[in-house]
Amino acid sequence: DDPEREAGFQAHIDAEKRVEPRDWMPERYRKFMIRQISQHAHSEYVGMLPEGNWITRAPTLRRKAALLAKIQDEAGHAAYLYSAAETLGASRDQMLEDLHSGKAKYSSIFNYPALTWADIGAIGWLVDGAAIVNQVALCRTSYGPYARAMVRICKEESFHQRQGFEIMTTLAHGAPEQKAMAQDALDRWWWPSLMMFGPHDSDSPNSEISFRWKVKRQSNDELRQKFVDMTVAQAEFLGLKIPDDDLKWNEARGHYDFGRIDWDEFWRVVKGNGLCNRDRLRNRREAYENGAWVREAALAHAEKKRARAGR
Ligand code: 3HC
C-alpha cells in the first residue's frame, strides 16, 4: 500500500469525483468493487430462472411477451455488470466458475420458488421494486462504469416493476380465486424482499468502508425503510394485506414501523441452504455447458475475421 497515493485517492472520492478504470486505486477498493459488482451480475443472471419457468405458462400472449422482454433485459444487465467487473481486471470465466461452484454470493431472493403465475406479479412488483430502490442509490456510486450501468438498468427495471404491478392489479381486482393467489404470493415474497437490502446496519461489515469510498450512498436500513414506506400504499390499492402484524405508521418517525426479519432464514439461504439454491446453480451450470458450442463458434468466427483482416 502507498499512504500518499491512498490519501490522494480518498481526496478524489471526497471531492465527489468518479473513479475510472485507468485511475490509480487501492487494491482493496478494486477487490471491494469486484466483489459487489460480480455478486450483482450473478444476481441478475440467476434472477432469470424463477421467471423462466412461467414463459410457456403465461396466461396471454401479451403477458408472455412482457415476461420474455423482462428476462432478456436481465440477461443484458448481467452482461453489463460482468463487463463492469472486467474493467477492474476480473476474469469473466473465473467469476462464472465461482458462481457455478457455489463459492460466489448472489441475491438470496432468487432461491425462492415461483409457484403460481401470481408470483411473477409479486416478483416484478416487490423484487424489482426493491432492486430499483437499491439501484437508484447506486447510480451515484463512486466507480464510473458501475454507476453508468445503473442508470441504464434503472430505466429498464421500472418497466419490470410496472408489468409486475399490473399483473397483481389484474389478479387482486379479479375473481376471488385470483385475489387469493395474489395474497398468497405477497405472503411468500414480502419478507424475502426485505432481506434483499442486506443485514441491519449494525450487522453490515462492509458498510463502513462502503460509505467511506462512496460506494454505498444510503444504508441497508434506510433503503429498506424507503421500500416499505412506498409499498404499503400500493398493497392497500390492491386490497391485499402485508403479512406483518407489527406494520404500523409511526407519526413521530414519519415512517412505518415493521416486524422483526428472520435473519436465521436469511443466513441459511445466503449460505446455500434455501429452497432452490441447488436447483439454481445446477441450472446455471447446465446452461453454461449447453452453451459452450455457441461460445466456441463465436470465437472461431472472430478468429477467421481477424485472419481475413490480416491482423
Ligand atoms: N443476498 C445475498 N447476500 C447478501 C444479501 C442478500 N440479499 N445482502 C447482503 N449480503 C451479503 C453481502 O454481500 C456481504 O457478504 P460479502 O462480504 O461476502 O459480500 C454480507 O451479506 C454482509 O452484508 P453487507 O451489508 O456488509 O454487504 P454490502 O455493504 O455489500 O451490502 C448489498 C449488501 C446492499 C446487497 C450491496 O452489496 C449492494 O447494494 N449490492 C448491489 C445490489 C445487488 O446486488 N442487488 C441484488 C438484486 S439484483 C436484482 O434484483 C435483479 C433485478 O433484475 C430483479
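Scroll up for the structure.
These remarks concern the structure in this document. Please read these numbers as outputs of a predicted model, since none were measured by experiment.

Across its 22 residues, helix α5 (residues 117-138) extends 31 Å between first and last C-alpha, which sits within 8% of the 32 Å expected from 1.5 Å per residue. Two to three positions downstream of the cap, the backbone nitrogen of A118 sits 3.1 Å from a side-chain oxygen, assigning the N-cap of α5 to T116.

The ligand sits among 32 residues. The nearest are R35, K105, S108, S204 and K216. One of the side-chain N or O atoms of R35 is found 2.7 Å from an oxygen atom in the ligand. Looking at the shell around the ligand, the elements that each hand over two or more residues are α2 (27-52), α5, α6 (144-172) and α10 (263-273). By residue number, the principal contributor to the shell around the ligand is α2, which donates six residues.

Proximity of charged atoms lets side chains of opposite charge pair with each other. Using the criterion set out here, one finds 21 salt bridges in the structure. Of the charged contacts in the structure, one is a salt bridge between D128 and K70, with a shortest N-O distance of 2.9 Å. Taken together, the residues D128 in helix α5 and K70 in helix α3 (residues 61-86) connect sequence positions 58 residues apart. Here D128 matches K70 in class, with each residue buried. D119 is the partner of R188 in a salt bridge, and the nearest nitrogen-oxygen pair spans 2.7 Å. Of this pair, R188 sits in helix α7 (residues 176-195) while D119 sits in helix α5, and the two are 69 residues apart along the sequence. Residue classification places R188 among the partly exposed residues on the basis of a relative accessible area of 25%. What makes D119 buried here is its relative accessible area of 0%. By sharing partners, the salt bridges in this structure join E51, K70, E74 and D128 into a single network.

Here is what the cut-offs are and how they apply
- Residues numbered from 1 in each chain as written.
- Predicted model: local features only at pLDDT ≥ 70, side-chain atom pairs only at ≥ 80, totals over all residues.
- Heavy atoms only, no water.
- Helix = DSSP H or I, 4+ residues; strand = E, 2+ residues; numbered from the N terminus.
- Expected span 1.5 Å × (residues − 1).
- Polar contact = N/O pair within 3.5 Å; in protein donor to acceptor, adjacent residues only side chain to side chain.
- Near = heavy atom within 4 Å.
- Salt bridge = Lys/Arg side-chain N within 4 Å of Asp/Glu carboxyl O.
- Buried < 20%, exposed > 50% of the residue type's maximum accessible area, 1.4 Å probe, protein only.

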